[in-house]
Amino acid sequence: MDLFSVALPALSDAANLILQPIVLGYLVLGVVMGLCIGVFPGLGGIAGLSLLLPFMFGMDPVLGLALMIGMVAVVPTSDTFASVLMGIPGSSASQATVLDGFPLAKKGEAARALSAAFASSLFGGLVGAAFLTVFILVARPIVLEFRTPELLMITIFGLSMVGILAGRVPLKGIVAAGLGMMVGTIGEGDSAGELRMATYDMPYLVDGLKLVIVGLGIFAIPEIVALLRQDRAISETSVLGGGWMAGVRDWFANIWLSVRCSIIGVVVGVIPGLGGSVVDWIAYGHAVQTTKDKTKFGSGEIRGVIGPESSNNAKEGGGLVPTLLFGIPGSGSMAIFIGAIALLGSGNIEVGPSMLKNNLDITYSIVWLLALANVVGTVICIAASGGIARLTTIPFGLLAPFLFMIISFAAFQSGQDIMDLVALFAIGLLGILMRRFDWSRPAFLIGFVLSNPAETYANQAVQIARSRFRKGFEDGIDYIFSPIVIVLVIITVVSVVVGLRQAKTIMAEGEVNSGSKRAPLIFLLAVLAYLVIAYTNAAMIPDYAAADRVFPAFVAGVSILGCLVLVIQMMMKPETDAMFADRETTDRSENAHGLWPTLAWFAGLLILTSLVGFILALAIFLVAFIRFRAGKSWFYAALYAALGIAFMCGMAGLLNRDFPPGLLQSFVDLPWPLT
Amino acid sequence: MNAIKSTRRVAMGLLAAASASFATQSIAGSHGIDLAGKTVEWVIPFSETGGSAKWANFYAPLLSEALPGDPRVRYEYGDWNVVLASGTGGVAYLPPDLAGKMNGMDASALRDTDFIYGSQGATRLDLVPLLAWEMLGLNVEPVFGIKGRGDGRLMFERGEANIDYQTSSSFLKGVTPLVEDGTAVPMMSWGALDADGNIVRDPTFPDMPTFKEVCEATDGCETSGEQWDAWKAFFIAGFPAQKMVFLPAGASNDAIVTYTAAFEAVKARADFAEISAGRLGKYPQMTGDEAKGALDSATQVPDSAKNFVVGWLKDRYGVSLN
């Protein structure tokens, strides 16, 4: 077979390129830089790579690649820290890790969860690289088999994961997903450019909401606020159990789950257009479906950590296929990566169709540098996990202002607009209410992430199919029902049926008692009101732009029906029914502070920012918070604020970013960083 | 018609995004923000796969080398000062079986084919190819909603689209290998402008017929009259000065001079012609007054051409611009 005669020499060339001390040194440098940046939620490969970009021009290709890949590869590893320790999805790759990782941290088993996650990441990365070594040679024709109907089916399969994560009242989960999809349609339609729930008077909304903001808002803010109200450390026990060896043993005991999820990761990562944001959910769903005792999911099941973490590093490897073979970046960081590759050396490495023919050795170098970076990153992370896990014993009142600072900064990076902070706050409020009334936040997020692909692929598939049908009935049928589509339909149907049967036993977010009828009903009516307005808004889109109307109108219509059924059920059922879940009742004994005063702190930071700019607002916020909320001395508060601001400025200076300006800045010219 | 303006703002946003680590960072976030309270605002989400990204990636590091210090320019949106204007071209291509139907340059045999084209939207740069194909009498149905021309090429490679176009830099990189493999055949280039404003063969693709030549050889396609004038006006607005780098109105004269000098230094590099030909194609890279001239010719689309296109978009795609 000539496959080997091509691959083997290229592989040995690649090995010669990589296995030099200086290359490995650059790789480690990249890994360390990546860890330093990736550990902060919301900052990831894009921020890191843009930092490196100016140095790439004319650099020796292998050294530059080692530096960049070291950085990109560890982001899905390092963001696990935020997911497990703080319940904050560090990036879209580790959303699902939050569901079981954070409860483990609360139980005082953060080190175990972290090391299991890192071991899985490492293994996933290696499986991904091994798979790619062979697959990349035959990938092109296979990837080209994934046409629009296939992409649409994969999107629908991803959406079907809502079935597993829907919670105790499946209908609520479905409405939550519908709401997520509706939020995803906000802005300019992809087909005809019609606006949905936006106006040109607010240019911010025209672009739609960014994943970073929705992810942080829906998961991070509710967790931070909840912990802050309870006024204690993250870990419920002061003695941290389960050292890092325990986590590695857990991973080894579930090695086959890890293998399967790694393969899921590579395969989904390979398909261009979907990106990686669904991979972790699919892997989580798979972990749930293959576990006999499902009752522990959501309250600290280690398999719920191993599954998604195995898949998300493998996905990075898979994502190289569309990037290198087609020149189509799967993510923002890959886009910069492509740009940077062209700068390396004399600029003769051209990502795209000619990559395999002309640069197979470089291609293999990239694949195995990625694997090596995973090893290095994992070793560093596991070594650090025991120490970093101690963060969970710090009183949360001291941690929270720092976290607010970081996520505000991260959110602002997505659009460089003060509206980013407003959007973060608004989505955060929605997240708090969804958490309180036990509406599935994972379902919402899946809906949001897949809203745009679902709409675009559906519109395109319909349009292309119509053209094929005009040519002949058989042409059309062949196009829509390819073998891949049929297999995906079967998998989806099985997964939905199995998922719905199991959903009731899985409480993705722990048990919640029922309270009175009034509050849950008001929230439901508010959701219903938004959906009705969004439906009306979509229905007003004129016929010539029908492609922008059909999807939001359909989703809103189904969600409204779901809401109406829920309203009727709420009227019929007694107060004790699971439908009226209200976390305020469950946590009443634990909450030392009210919801609104706690939220007011964050709102205060936001309002101050709009008045005097971010850095000045932050100074006031940090001092006031530490003095009055955390009850420390003035000196302590001033020191805390000074360190916080120094850190923030160092970060922004390094990344060459600005801070949100306020009203003050429009009158007075201030020097950076006060601008 | 603000489509062209926006294209440029996209490019600026991109330049900032792709090179956030040097001084042009001060125009970051410019996509999606009002220019100066004008009437219509188009917000065009840019794609990382397109030619704009390649263009920005090409210039970013060169500029960062040529630019002294790290000036942070504080600005309000207003009139932008152009400091660089780059030209480009475009090439339309077909699958081999359809290309085989063309009789030399005569495209009339393609008129009974149902074409599918992956498009970002009729109001954007896609106007030029869509209008060209329509003038040839081809029945091209645009499938909207792709994120960039790179995705359009992928749709072509998957066999879902059977006609496509790429800007020159993307064609060199993405389609040339397909042509070598025999899975794509170039149909025509949009051409280039000579000093007198005539459309001539694109210097990057001297062997390819221009749209003008194909049009002349095809029955029913006229290289004069309202339609042709509109096409040419939008071609000029869209391609010979497609990508521009602006400095914001608040920028001091010093900043303008600095940037202009920096880009001139980039152009003056001994290896510039060589490295840009492979990545951007052989097109003029204009600075200073030249760039201003290019900006004028690109923004001053005659009203007759605008009116024609507005009417055409309405009739053909039901899109109303106001």
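What counts and what doesn't
- Residues numbered from 1 in each chain as written.
- Chains lettered and ligands numbered in written order.
- Predicted model: local features only at pLDDT ≥ 70, side-chain atom pairs only at ≥ 80, totals over all residues.
- Heavy atoms only, no water.
- Helix = DSSP H or I, 4+ residues; strand = E, 2+ residues; numbered from the N terminus.
- Buried < 20%, exposed > 50% of the residue type's maximum accessible area, 1.4 Å probe, protein only.
- Contact = heavy atoms within 4.5 Å.
- Areas by Shrake-Rupley, 256 points an atom, 1.4 Å probe, with all protein chains shown as cover.
- Phe/Tyr/Trp six-rings, centres within 6.5 Å; stacked < 30°, edge-to-face > 60°.
- Lys NZ or Arg CZ within 6 Å of the ring centre and 35° of its normal.
- Arc of directions from axis to C-beta.
- Core = buried A, V, L, I, M, F, W, Y, C linked by side-chain atoms within 4.5 Å.
- Domains from an automatic or database assignment.
- Pairing = 2+ DSSP bridges.
- Axes fitted to C-alpha atoms, helices over the stretch in contact; angles between N-to-C directions.
- Salt bridge = Lys/Arg side-chain N within 4 Å of Asp/Glu carboxyl O.
- Polar contact = N/O pair within 3.5 Å; in protein donor to acceptor, adjacent residues only side chain to side chain.
- Parallel < 35°, antiparallel > 145°, perpendicular 65-115°, else oblique.
- Nonpolar A, V, L, I, M, F, W, Y, C, P; charged D, E, K, R; others polar.

Asker: For this particular structure, what's the right way to read the overall build of chain A?
Answerer: The helix and strand tally for chain A stands at 30 helices and two strands. Out of the 675 residues belonging to chain A, those deemed buried represent 61%. Partitioning the contacts of chain A with sequence separation of at least 6, the portion at a separation of at least 24 is 81%. Surface exposure of chain A reaches about 23,600 Å², of which carbon and sulfur atoms provide 70%.

Asker: Help me understand the overall build of chain B in this model?
Answerer: Broken down by element type, chain B carries twelve helices and ten strands. Buried positions account for 62% of the 322 residues belonging to chain B. Taking the contacts inside chain B whose residues are at least 6 apart along the sequence as the reference set, 78% of them involve residues at least 24 apart. In the structure as shown, chain B presents an accessible area of about 11,300 Å², 51% of it carried by carbon and sulfur atoms.

Asker: Would you mind going over the packing of aromatic side chains with me for this structure?
Answerer: Note on aromatic pairs: each is described by the distance of the centres and the angle between the planes. For the coordinates displayed, the defined rule picks out 31 aromatic pairs over all chains. Ring centres of Trp 228 of chain B and Trp 231 of chain B lie 5.4 Å apart, and the angle between their planes is 25°; on these two criteria the pair is classed as stacked. Here Trp 231 of chain B and Trp 228 of chain B lie together in helix 8 (residues 225-238), a separation of three residues that amounts to about one turn. With respect to burial, Trp 228 of chain B and Trp 231 of chain B carry one shared label: buried. Sitting above the plane of the Phe 628 of chain A ring, Arg 627 of chain A keeps its charged end 5.8 Å from the centroid. The ring of Tyr 636 of chain A is capped by Lys 632 of chain A, whose NZ or CZ atom sits 5.4 Å from the centre of that ring.

Asker: Explanation requested: helix 12 (residues 244-253) of chain A in the structure shown.
Answerer: Because each turn of an α-helix spans 3.6 residues, side chains separated by three or four positions end up pointing in the same direction. Residues and elements named next belong to chain A. Those residues of helix 12 not exposed but buried are Ala 246, Gly 247, Asp 250 and Trp 251. One face of helix 12 carries all of its buried residues, which in axial projection span an arc of 140°. Among the exposed residues of helix 12, those oriented more than 90 degrees off its buried face are Arg 249, Phe 252 and Ala 253. Looking at the packing, one finds that the buried side of helix 12 touches helix 6 (110-144), helix 13 (255-270) and helix 15 (303-326).

Asker: Hey, could you run me through the nonpolar core in this one?
Answerer: Among soluble globular proteins, nonpolar side chains are generally buried collectively. With 212 residues, the main nonpolar core has Leu 65, Met 68, Phe 337 and Ile 366 of chain A as its most contacted residues. It is helix 6 of chain A that provides the largest number of residues to this core, a total of 17 residues. Among the domains, domain 1 (2-232 + 242-393 + 440-511) and domain 2 (596-667) of chain A are the pair contributing at least three residues each to this core. In this view, Met 68 of chain A contacts Leu 49, Leu 52, Met 56, Phe 337, Ala 340, Ile 341 and Leu 344 of chain A; residues no more than four positions away in its chain are not counted. Residues Leu 131, Ile 163, Cys 221 and Ala 237 of chain B belong to the second largest nonpolar core, which totals 46 residues.

Asker: Even after reading the chapter, I still don't get the sheet that holds strand 2 (residues 90-94) of chain B, so can you show me in this structure?
Answerer: Strand pairing in a sheet takes place through backbone hydrogen bonds and is either antiparallel or parallel in direction. Residues and elements named next belong to chain B. Pairing in this open sheet of three strands is antiparallel, and the strands run 5-2-6 from one edge to the other. Because the sheet does not close on itself, it has two edges, and the strands there are strand 5 (164-167) and strand 6 (185-189). Across this sheet, the average inter-strand angle for adjacent strands is 35°, counted without regard to direction. Taken together, the four bridges between strand 2 and strand 5 define a ladder with antiparallel strand orientation. Pairing of Tyr 93 across the sheet is with Asp 164, part of strand 5. On the sheet, helix 5 (residues 149-157) packs against strand 2 and strand 5 and is oriented at approximately 145° with respect to strand 5. Helix 6 (residues 168-181) contacts strand 2, strand 5 and strand 6 of the sheet and is inclined by roughly 130° relative to strand 5.

Asker: Just checking my understanding: could you explain the pattern of salt bridges for this structure?
Answerer: Side-chain pairs of opposite charge can arise where the charged atoms are in close proximity. Enumeration over the complete set of coordinates arrives at 16 salt bridges over all chains. Ionic pairing is found between Arg 435 of chain A and Glu 223 of chain A, a salt bridge with its closest N-O pair at 3.7 Å. Of this pair, Arg 435 of chain A sits in helix 20 (residues 418-436) while Glu 223 of chain A sits in helix 11 (residues 211-230); the two residues are 212 residues apart in sequence, bridging distant segments of the chain. Arg 470 of chain A serves as the salt-bridge partner of Asp 114 of chain B, at 3.9 Å between the closest nitrogen and oxygen.

Asker: What's the story with the environment of Lys 296 of chain A in this structure? I'm lost.
Answerer: Residue and element names in this part refer to chain A. Secondary-structure assignment places Lys 296 in the loop between helix 14 (279-289) and helix 15. Taking the C-alpha atoms as reference, Lys 296 lies 8.8 Å from Asp 100; in sequence the two are 196 residues apart. Excluding residues that lie within four positions of it along the chain, Lys 296 makes contacts with Asp 100 and Glu 301.

Asker: Would you explain the side chain of Asp 164 of chain B in this entry?
Answerer: All names here are of chain B. Among the secondary structure elements, Asp 164 is positioned in strand 5. When its relative accessible area of 0% is taken as the criterion, Asp 164 is described as buried. Side chain to side chain, Asp 164 and Tyr 93 meet in a polar contact 2.4 Å long. In terms of polar contacts, Asp 164 uses its side chain to reach the side chain of Gln 166, at 2.9 Å. In contact with Asp 164, not counting residues within four places along its chain, are Val 91, Ala 92, Tyr 93, Tyr 117, Gly 118, Trp 133, Arg 149, Gly 152, Arg 153 and Phe 156.

Asker: Quick question: what am I supposed to make of the packing of helix 4 (residues 61-86) of chain A against helix 5 (residues 95-106) of chain A here?
Answerer: All names here are of chain A. For the pair helix 4 and helix 5, interaxial distance at closest approach is 6 Å and the crossing angle is 60°. Taken together, the axes of helix 4 and helix 5 are oblique relative to one another. Of helix 5, the residues touching helix 4 (which contributes Thr 80, Ser 83, Val 84, Leu 85 and Met 86) are Thr 97, Val 98, Gly 101, Phe 102 and Ala 105. In terms of residue class, the contact of helix 4 with helix 5 is made up of six nonpolar, four polar and no charged.

Asker: Please clarify how the pairing of strand 4 (residues 139-144) of chain B should be interpreted in this entry.
Answerer: The two faces of a sheet get side chains in turn, since along a regular strand they alternate between them. Residue and element names in this part refer to chain B. Burial runs high along strand 4: five of the six residues are buried. With six bridges connecting them, strand 3 (residues 114-119) and strand 4 associate as parallel partners. Its bridge partner being in strand 4, Phe 115 is matched across the sheet by Val 140.

Asker: Mind showing me how you'd approach unusual backbone geometry here?
Answerer: A negative phi holds for most residues other than glycine; trans holds for most peptide bonds. Residue and element names in this part refer to chain A. With a phi angle near 50°, Met 197 is a residue other than glycine that sits in the positive phi range. Its location among the elements puts Met 197 in the loop between strand 2 (195-196) and helix 10 (203-206). A residue is classified by how much of its surface remains accessible, and Met 197, at 21% relative accessible area, is partly exposed. With a phi close to 60°, Asp 438 is a non-glycine residue in the positive phi region. Note that Asp 438 resides in the loop between helix 20 and helix 21 (441-471).

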